Amino acid sequence: MSDLKAKFLEVYAVLKSELLNDPDFEFTDDSCQWVDRMLDYNVPGGKLNRGLSVIDSYSLLNDGRELTSEEIFQASALGWCIEWLQAYFLVLDDIMDGSHTRRGQPCWYKLPKVGMIAINDGILLRNHITRILKNHFRPKPYYVDLLDLFNEVEFQTASGQMIDLITTLVGEKDLSKYSLPIHRRIVQYKTAYYSFYLPVACALLMAGENLDKHVDVKDILIEMGIYFQVQDDYLDCFADPEVLGKIGTDIQDFKCSWLVVKALELCNEDQKKLLYENYGKDDPACIAKTKTLYNDLKLEEVFLEYEKKSYEKLTSSIAAHPSKAVQAVLHSFLGKIYKRQK
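Residues numbered from 1 in each chain as written. Predicted model: local features only at pLDDT ≥ 70, side-chain atom pairs only at ≥ 80, totals over all residues. Heavy atoms only, no water.

Engineer: How would you explain empty space enclosed by the protein if you had to name every residue and give the values?
Structural biologist: In the structure shown here, the tally under the stated rule is two cavities of 30 Å³ or more. The volume enclosed by the largest cavity comes to roughly 110 Å³. In this structure, the largest cavity is lined by Tyr41, Asn42, Ala87, Leu90, Val91, Asp94, Arg102, Arg103, Gln105, Pro106, Cys107 and Trp108. The set of elements that each furnish at least two residues to the lining of the largest cavity consists of helix H2 (29-42), helix H4 (69-97) and strand S2 (105-106). Residue composition of the lining of the largest cavity, grouped by class: seven nonpolar, two polar and three charged. In this model, the second largest cavity occupies a volume close to 30 Å³. Lining the second largest cavity, in full, are Asp233, Asp236, Cys237, Asp250, Ile251, Ser257, Leu259, Tyr279 and Tyr294. No other element matches the three residues that helix H8 (residues 215-238) contributes to the lining of the second largest cavity. For the lining of the second largest cavity, the class distribution of residues is five nonpolar, one polar and three charged. (1 Å grid on protein atoms, 1.4 Å probe; cavity = no way out; pocket = protein on both sides within 12 Å on 5 of 7 lines; lining within 4 Å. Points joined across faces, edges and corners; volume = space filled by probe spheres on them. Helix = DSSP H or I, 4+ residues; strand = E, 2+ residues; numbered from the N terminus. Nonpolar A, V, L, I, M, F, W, Y, C, P; charged D, E, K, R; others polar.)

Engineer: Explain the pattern of salt bridges to me, and be specific about the residues and the numbers.
Structural biologist: Inspection of the entire model under this criterion finds 18 salt bridges. Residues Lys7 and Asp3 are paired through a salt bridge, measuring 4.0 Å at the closest nitrogen-oxygen approach. On the criterion of helical spacing, the pair formed by Lys7 and Asp3 is a turn pair, its members being four residues apart in helix H1 (residues 3-20). Arg131 is paired through a salt bridge with Asp22; the nearest N and O atoms lie 2.9 Å apart. Taken together, the residues Arg131 in helix H5 (residues 117-137) and Asp22 in the loop between H1 and H2 connect sequence positions 109 residues apart. Where salt bridges share partners, they join Lys16, Asp36 and Asp40 into one cluster. (Salt bridge = Lys/Arg side-chain N within 4 Å of Asp/Glu carboxyl O.)

Engineer: I'd like a rundown of H5, residues and numbers included.
Structural biologist: Helix length check: H5 (21 residues) gives 30 Å between terminal C-alpha atoms against 30 Å at 1.5 Å per residue, within 8%. Taken as a whole, H5 has its buried residues at Ala118, Asp121, Gly122, Leu125, Arg126, His128, Ile129, Ile132, Leu133, His136 and Phe137. One side of H5 carries all its buried residues, which in axial view fall inside an arc of 145°. If you follow the buried residues of H5, they end up packed against H1, H2, H4 and helix H6 (143-167). (Expected span 1.5 Å × (residues − 1). Buried < 20%, exposed > 50% of the residue type's maximum accessible area, 1.4 Å probe, protein only. Arc of directions from axis to C-beta. Contact = heavy atoms within 4.5 Å.)

In structure tokens form, the structure reads like this:
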């Protein structure tokens, strides 16, 4: 484990302890144990990329100088707020989707004695963010900007989830609803804002910047987030499950994936009929037919061409930015995702 990740996890322990001793609520032993277990199960289990990138970004905005322990703590606290936000989304998302597993273990709501209590746990996770911000940032001149930022991104993400849910209504599998603009809107709002823009926006606020003056940075990060999700959609079907760490299920799950919207755009009437008959069915034969169609349409080549153009567009947008420090932040993000295998 890297030194930075170890320090980051130490901050989680501090924040959790503060929440479990919050003066505005009298915890019983049972409630304290419940929240303790709920947090450990849902918050620190992922790759922590979003949270760690707040520290990376803040360091790069300060020309890579060594950060003080106070700066590392504060950037980590903001990073954990993003991880708390992610946990809140995922706990509720899994219930809405009827998912069974998350990060290689049963979804929180699937555990014995949890069930629909998970909905309230999701609400608690969201409320913890404002407690953390109040505890550590209230005296800061950018405190209100942080609250606005988290509220705005939560609204955008929930709205993206709504578009996704109403477009992919279970029992109403209608491929005619799927298109490239719909895919882009879902991804932009559901994923790109909180995964790409939010960590950098937190670092910019910490560095004393006005977010209204960095709309160009937001635009580049949203484009990067869309490219990231298209990669995800591609890897779900074409990556080696051993490398990816999971078996892709987008086809049988009737996902509004970039691959299916590209297929709909490129296929002839016979191929479209085949796609309508087989997409979204949890049957190995139907999945195989869909994958064969993807190969016939040379979607792997189509993706590689998309990747090349996206990379060129992103690098030229980054190069046009007047600040070398901001360029470094954006290059750091792009470097982590370009040509990734998982």
